[in-house]
Every structure is written in structure tokens, then in C-alpha cells.
Amino acid sequence: MTDTQFVAFIVAITLLTISPGIDTLLVLRNTSRGGWKDGVVSSLGICSGLFVHATVSAVGISVILLQSAWAFGLLKLAGALYLVWLGIQSLRSSGTSSLAGVVPVKSLDFNGLRSIREGLLSNVLNPKPIVFYMAFFPQFVSPDGNLLLQSLSLAGIHFMIGMVWLSALTLLLYRIKEWGAGERVEKVLQGITGAVMVIIGVSMALTKNE
């Protein structure tokens, strides 16, 4: 990869990362639920999913998914249903009494395994990165080299940029909650992100494959 190609890759992948989407919603939801640790660990799960997409792209499974309507549709439906489920959980949490306003931060509802699982599944079950990696990565890899190693290296760069951005977003939200109305802020965030997740999930499930 030339210096020009590298700069182009960094700019493109950064713009993709900071664009609001499902990953951003999940981080906002989980930070509201369990504090900054929940948000950061969820971000780790999300960004780890990038290596799955890079591997799938490199070995050509993505081509099969893109060419097979039923296989791609099944993946899309699984991701949509998972997103709807997360959204419903957030909506339910927004209507119940929160721990954030009545107990110390260390007692927030944080479970590391749950957070990383939610982040990983949210990313892996999202068909958008598969399409993006298949269309984007070939511009920055050499067919003469090891495609898997090159794809994983590019995903590693994406991982670092994603972790920096999502972690910064997590800490910003956490500080806003500390300065703000505490429980009320959390309920509003849970409700908004939950509703948006359900809407996006339903939209994904109803959208026909092109």
C-alpha cells in the first residue's frame, strides 16, 4: 500500500467509524445501563467483530452470502431480530427505576461477559460491515500477497480507530450523566436508543434484498 492509499484508507475508515449507527446506539445504551466500564467493554466486543468480517471477506464466504439471496437474507434477519431484542430490553429498562441515581457508580448494572457478548453479536450479525469490507478492502490489498493477513491488518487499524472513538464517546456520555440529572438522563437515553434500535431492526427485517 502506498502512502497515498494508506491516508485514503485512514480517512475513509475514520469517517465510517464516527458515522452514527447501530454500534453507536449500543454503546450509548450500555453506558447508560452500566456506566463507562459497560460502554468500553461493549466497544471491545464491537471492534473485535471487525476481525470476523475481515476473515469472512478474505476467505470469500462473503461472496457466497452476497450471491445467495436466502443466505444473506437469513444473516440480515438474525441481525435485525437481535437488534429489536436489544431495543425492547432498553425500553423496558427506561420504564423501571434506575440504580444510577441512588447508588454509587461502582454498583451500576455491569457484567463484562454480557457487555462483550452484546457488542460482538451486534457487530457480527450486522450485514453492513460484510458488504463494506467486500467492496472496500480490495482497493487496499495486493492479490499477490496473503489476503487473510492483509485483511486482518486493515481490520486491526479499524479496531484501534473504533476503540478510540467509541471509548471517547462512552466517557463523554458518562461525564454528561454525572453533571446532569442522573436517573432521568439515563431513562431518556435508554428510551431513545431502545426505540431507535427497534425501528432500525424492524426496517432491516422488512427491507428486501437487492
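None of these values were measured; they are calculated from a predicted model. Position numbers for residues count from 1 along each chain, tracking the sequence in the order it is written. Given that the model is predicted, a residue must reach a pLDDT of at least 70 before its local features are reported, and side-chain atom pairs must reach 80 or more before they are shown or counted; all residues, however, enter totals for whole chains, interfaces and linings. Only heavy atoms go into the side-chain values, all of them from the structure, while hydrogens and water stay out.

The next point concerns the overall build of the protein. The helix count covers DSSP runs of H or I at least four residues long, the strand count covers runs of E at least two residues long, and both are numbered beginning at the N terminus. Scanning the protein from terminus to terminus reveals 8 helices and 0 strands. Residue exposure (1.4 Å probe, protein chains only): buried if accessible area is under 20% of the type maximum, exposed if over 50%, otherwise partly exposed. Taken across its 210 residues, the protein has 44% of its residues classed as buried. Any pair of residues with heavy atoms lying within 4.5 Å of one another is described as a contacting pair. Taking the contacts inside the protein whose residues are at least 6 apart along the sequence as the reference set, 87% of them involve residues at least 24 apart. Computed with the Shrake-Rupley method and a 1.4 Å probe, the accessible areas treat only the protein chains shown as cover for residues. With the model as given, the accessible surface of the protein reaches about 10,900 Å², and the carbon-plus-sulfur share is 70%.

What follows deals with the environment of F110. Relative to the assigned elements, F110 resides in the loop between α4 (69–94) and α5 (112–124). By relative accessible area, F110 is classed as partly exposed at 32%. In this structure the C-alpha to C-alpha distance between F110 and T31, which are 79 residues apart in sequence, comes to 9.2 Å. Leave out the neighbours within four places in its chain, and F110 touches G34, K37, D38, V41 and S115.

A few words on the confidence of the model for the protein. pLDDT is a per-residue confidence score from the predictor, ranging from 0 to 100. For the protein, per-residue confidence averages 78 on the pLDDT scale, and residues scoring 70 or more make up 77% of the total. Within the protein, the lowest mean pLDDT, 63, falls on helix α3 (residues 61–67), and the highest, 93, falls on α5. The model gives residues 97–107 a pLDDT under 50, and that stretch makes 14 contacts with residues more than four places away or in other chains.

This part covers the nonpolar core. Grouped together as the largest cluster of nonpolar side chains are 27 residues, with contacts concentrated most on F9, C47, Y133, F136, F137, L154 and M197. Contributions of two or more residues to this core are made by α1 (3–18), α2 (22–59), α4, α6 (127–136) and α7 (147–179). For this core, the element with the highest residue contribution is α2, accounting for 8 residues. By convention a nonpolar core is built from buried Ala, Val, Leu, Ile, Met, Phe, Trp, Tyr and Cys residues, the set being connected through side-chain atoms within 4.5 Å.

Axis geometry follows a simple rule: fit a line to the C-alpha atoms, using only the stretch in contact for helices, then measure angles between N-to-C directions, giving values from 0 to 180 degrees. Contact pair α2 / α6: the axes reach a minimum separation of 9 Å and the direction vectors enclose 50°. Relative to α6, α2 is oriented oblique. The two elements α2 and α6 meet at a crossing, and its hand is right-handed. Contacts between α2 and α6 involve L50, H53, A54 and S57 from the first element and P129, I130, Y133 and M134 from the second. Residues belonging to the contact of α2 with α6 are distributed by class as follows: 6 nonpolar, 2 polar and no charged. An angle below 35 degrees is read as roughly parallel, one above 145 as roughly antiparallel, one from 65 to 115 as roughly perpendicular, and any other as oblique. A clockwise turn of the near helix away from the far one marks a right-handed crossing, whereas an anticlockwise turn of less than a right angle marks a left-handed crossing. Under the grouping applied here, Gly and all other residues not named as nonpolar or charged are polar, the nonpolar ones being Ala, Val, Leu, Ile, Met, Phe, Trp, Tyr, Cys and Pro and the charged ones Asp, Glu, Lys and Arg.

As a further point, take a nonpolar patch on the surface. Patch building starts from residues that exceed 30% relative accessible area and form no salt bridge, then joins like charges within 9 Å and nonpolar side chains (Val, Leu, Ile, Met, Phe, Trp, Tyr) within 5 Å. The term salt bridge refers to a side-chain nitrogen of Lys or Arg lying within 4 Å of a carboxyl oxygen of Asp or Glu. On the surface, a cluster of nonpolar side chains totalling about 520 Å² of accessible area is made up of F6, V7, V11, L15, I18 and W165. For the nonpolar patch, the leading source of residues is α1, giving 5 residues. Mapped onto the elements of the fold, L15 is located in helix α1.

For the rest of this paragraph, the subject is α1. Between its first and last C-alpha, α1 extends 23 Å over 16 residues, near the 22 Å set by a 1.5 Å rise per residue. Within the span of α1, buried status applies to F9, I13 and T17. Relative to the axis of α1, the buried residues are bounded by an arc of 60° and lie together on one face. Pointing more than 90 degrees away from the buried face of α1 are the exposed residues D3, T4, V7 and L15. For a helix, the expected span equals 1.5 Å multiplied by the number of residues minus one. In this description, the arc belongs to the directions extending from the helix axis to the C-beta atoms.

What follows deals with the pattern of salt bridges. For the structure on display, the rule yields 3 salt bridges. Across the salt bridge formed by R29 and E118, the nearest N and O atoms sit 3.3 Å from each other. Of this pair, R29 sits in helix α2 while E118 sits in helix α5, and the two are 89 residues apart along the sequence. Side by side, R29 and E118 carry an identical accessibility label, which is buried. Linking R33 and E118 is a salt bridge whose minimum nitrogen-to-oxygen distance equals 3.2 Å. With R33 in helix α2 and E118 in helix α5, the pair connects residues that are 85 residues apart, well separated along the chain. One network of salt bridges, in which partners are shared, links R29, R33, D38 and E118.

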